[in-house]
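Single-letter residue listing:
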Amino acid sequence: MDTSANNFSDLNDEGLKREIARLKREKNALIMAHYYQRDEIQEIADFIGDSLALARQAALTDADVIVMCGVHFMGETAKILCPDKVVIVPDINAGCSLADSCPPDEFEKFVSQHPDHTVVSYVNTSAAVKANTDIVVTSGNARKVIDSLPADEKIIFGPDHNLGEYINSVTGRNMLLWNGACHVHDRFSVEKIIALKKEHPEAKILVHPECRRPLQLIADKVGSTAALLEYAASDPAQEFIVVTESGILFEMQRKCPGKTFIPAPADDIECACNQCEYMKLNTLRKVYEALRDGKPEINVDPEIAARAVKSINRMLELS
Ligand code: 13P
Ligand code: SF4
């Protein structure tokens, strides 16, 4: 059916969901979503995951179009792994403060000052940074990847300083850390979490490793979004204080309907909530329009992609 002449501007959420399902079949598209996406996007996604699972699934899919409901670096990673597919991020302005904290030219200079170091970069980076990296990691596999390297290997780790400190502590390494951070995770306050714990003494504390070290130290579990979900589902506790972006509560509640999840409050007056405004830029309507129009498309310079794919593939081989 040719829909170009129709006016769908007045579609409500149910209408948008119907149109998205129809366009998805018509275009052989796969909708992927990160756990921090809006609830209604997680509801319609074909695949929901952490950064590692999204990269793995992108490498496996036989869809012609990938709608990556996440942020720009996730779209870039999918495009680098699937150069022949159309990769769309519904809102092209969905960036990442952590990726922005690592400008490619400054990182290149830093790397060149330490030529005897292996360069390990978190997936939350631009394609240009990945092109200057030996191995990419996510929070889901960073420990495993670092453990696989010889004990005396000198390592640069960037850009997330908090994750780097966590990996140093659990592996006994002394990696040289880039000083980057995520503006959402870096602002959670240990005092507020301790106060919450006093109100809910039975609650287990779940912390993403992008949070600062004092929070990692009071956590019952430190892990990627997927690892925190798994812990919440398998641990007998009935109450959890969740110290990461609050979008994850949707999947936690779906996986564990009887349990209580308490979102951690943010601690900064400029950041009124514990949500990532970049992640929340994608909406149901933008997903519909992106599928309908085949844009905004993610493209990566082929020379950069050819270098970046090596560091991403090395991660996929090692984890
Ligand atoms: P993970 O889902 O891999 O834990 O990543 C968290 C994140 O900040 C994504 O932007
Ligand atoms: Fe980037 Fe932080 Fe948002 Fe994740 S939550 S996309 S690390 S700004």
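The structure we're discussing is the one just above.
Below: a short report on this structure. No experiment lies behind these values; they were computed from the predicted model shown. (Residues numbered from 1 in each chain as written. Chains lettered and ligands numbered in written order. Predicted model: local features only at pLDDT ≥ 70, side-chain atom pairs only at ≥ 80, totals over all residues. Heavy atoms only, no water.)

### Topic: the packing of aromatic side chains
Here is step 1 of the chain: Summed over the entire model, instances satisfying the criterion amount to 3 aromatic pairs.
Here is step 2 of the chain: Between Phe107 and Trp178, the ring centres sit 5.5 Å apart and the planes meet at 75°, which makes this aromatic pair edge-to-face. Residue Phe107 is located in helix 6 (residues 104-112), and its partner Trp178 is located in the loop between strand 8 (176-177) and helix 10 (190-199); the two are separated by 71 residues in the primary sequence. (Phe/Tyr/Trp six-rings, centres within 6.5 Å; stacked < 30°, edge-to-face > 60°. Helix = DSSP H or I, 4+ residues; strand = E, 2+ residues; numbered from the N terminus.)

### With respect to unusual backbone geometry
Peptide bonds are, in most cases, trans, and in most cases residues other than glycine have a negative phi.
Here is step 1 of the chain: Note that the residue after Gly158, namely Pro159, is joined by a cis bond; omega there is -10°.
Here is step 2 of the chain: Inspection of the secondary structure puts Pro159 in the loop between strand 7 (155-158) and helix 9 (161-171).
Here is step 3 of the chain: For Asn28, which is not a glycine, the phi torsion comes out positive at approximately 50°.
Here is step 4 of the chain: Tracing the backbone shows Asn28 in the loop between helix 1 (13-27) and strand 1 (29-34).

### Quick look at the layout of surface pockets
Picture a little ball the size of a water molecule; that probe, rolled over the atoms, points out where space is still empty.
Here is step 1 of the chain: The space that makes up the largest pocket amounts to roughly 260 Å³.
Here is step 2 of the chain: The wall of the largest pocket is formed by 18 residues, among which Ser139, Lys221, Val222, Gly223 and Ala227 lie closest to the centre.
Here is step 3 of the chain: No other element matches helix 12 (residues 225-234), which puts 5 residues into the lining of the largest pocket.
Here is step 4 of the chain: Class assignment of the residues belonging to the lining of the largest pocket gives a composition of 8 nonpolar, 6 polar and 4 charged. (1 Å grid on protein atoms, 1.4 Å probe; cavity = no way out; pocket = protein on both sides within 12 Å on 5 of 7 lines; lining within 4 Å. Points joined across faces, edges and corners; volume = space filled by probe spheres on them. Nonpolar A, V, L, I, M, F, W, Y, C, P; charged D, E, K, R; others polar.)

### What to know about the sheet that holds strand 7
Here is step 1 of the chain: Strand order in the open sheet formed by 4 strands is 6-5-7-8, with parallel pairing between adjacent strands. Looking along the sheet, the strands with just one partner apiece sit at the ends: strand 6 (135-137) and strand 8.
Here is step 2 of the chain: In this structure, strand 5 (residues 118-122) lies alongside strand 6, joined through 3 bridges in parallel fashion. What sits directly across from Ser121, in strand 6, is Val136. (Pairing = 2+ DSSP bridges.)

### Focus on the sheet that holds strand 9 (residues 204-207)
Here is step 1 of the chain: Taking strand neighbours across the sheet as the criterion, the 4 strands line up as 10-9-11-12 in an open arrangement whose pairing is parallel. In the strand order of this sheet, the two ends are held by strand 10 (221-222) and strand 12 (260-263), each with one partner.
Here is step 2 of the chain: Against the sheet, helix 10 contacts strand 9, strand 11 (239-243) and strand 12, and its axis sits at roughly 170° relative to strand 11.
Here is step 3 of the chain: In this fold helix 12 packs onto strand 9, strand 10, strand 11 and strand 12, with an angle of close to 165° to the strand it touches most, strand 9. (Contact = heavy atoms within 4.5 Å. Axes fitted to C-alpha atoms, helices over the stretch in contact; angles between N-to-C directions.)

### Side note on the site of ligand 1
Here is step 1 of the chain: Lining the immediate environment of ligand 1, one finds 13 residues, of which His34, Ser51, Ser139, His208 and Thr225 sit closest.
Here is step 2 of the chain: Here Ser51 contributes a side-chain N or O atom positioned 2.9 Å from an oxygen atom of ligand 1.
Here is step 3 of the chain: Contact distances for ligand 1 include 3.4 Å between an oxygen atom and a side-chain N or O atom of Asn124.
Here is step 4 of the chain: With the chains in place, 97% of the 300 Å² that ligand 1 exposes on its own is no longer accessible.
Here is step 5 of the chain: Judged by its atoms lying within 2 Å of the grid points, ligand 1 is housed in the largest cavity.
Here is step 6 of the chain: Per-class residue counts for the shell around ligand 1 are 4 nonpolar, 7 polar and 2 charged. (Near = heavy atom within 4 Å. Polar contact = N/O pair within 3.5 Å; in protein donor to acceptor, adjacent residues only side chain to side chain. Areas by Shrake-Rupley, 256 points an atom, 1.4 Å probe, with all protein chains shown as cover. Sits in = over half its atoms within 2 Å of the grid points.)

### Description of the nonpolar core
Here is step 1 of the chain: Counting residues in hydrophobic clusters, the biggest one holds 68 residues, and the most contacted among them are Leu215, Ile241, Val243 and Met315.
Here is step 2 of the chain: Leaving out residues up to four positions away in the same chain, Leu215 has contacts with Phe188, Ser189, Val190, Ile193, Val207 and Val243.
Here is step 3 of the chain: With 34 residues, the next largest nonpolar core counts Leu23, Ala29, Ile31 and Val67 among its residues. (Core = buried A, V, L, I, M, F, W, Y, C linked by side-chain atoms within 4.5 Å. Buried < 20%, exposed > 50% of the residue type's maximum accessible area, 1.4 Å probe, protein only.)

### Describing the state of the cysteines
Here is step 1 of the chain: In this structure the tally under the stated criterion is 0 disulfides.
Here is step 2 of the chain: In this model Cys82 remains outside any disulfide bridge; the closest cysteine sulfur is found in Cys69, 15 Å from its own. (Disulfide = S-S within 2.5 Å.)

Taken by themselves, the reported measurements are silent on function.
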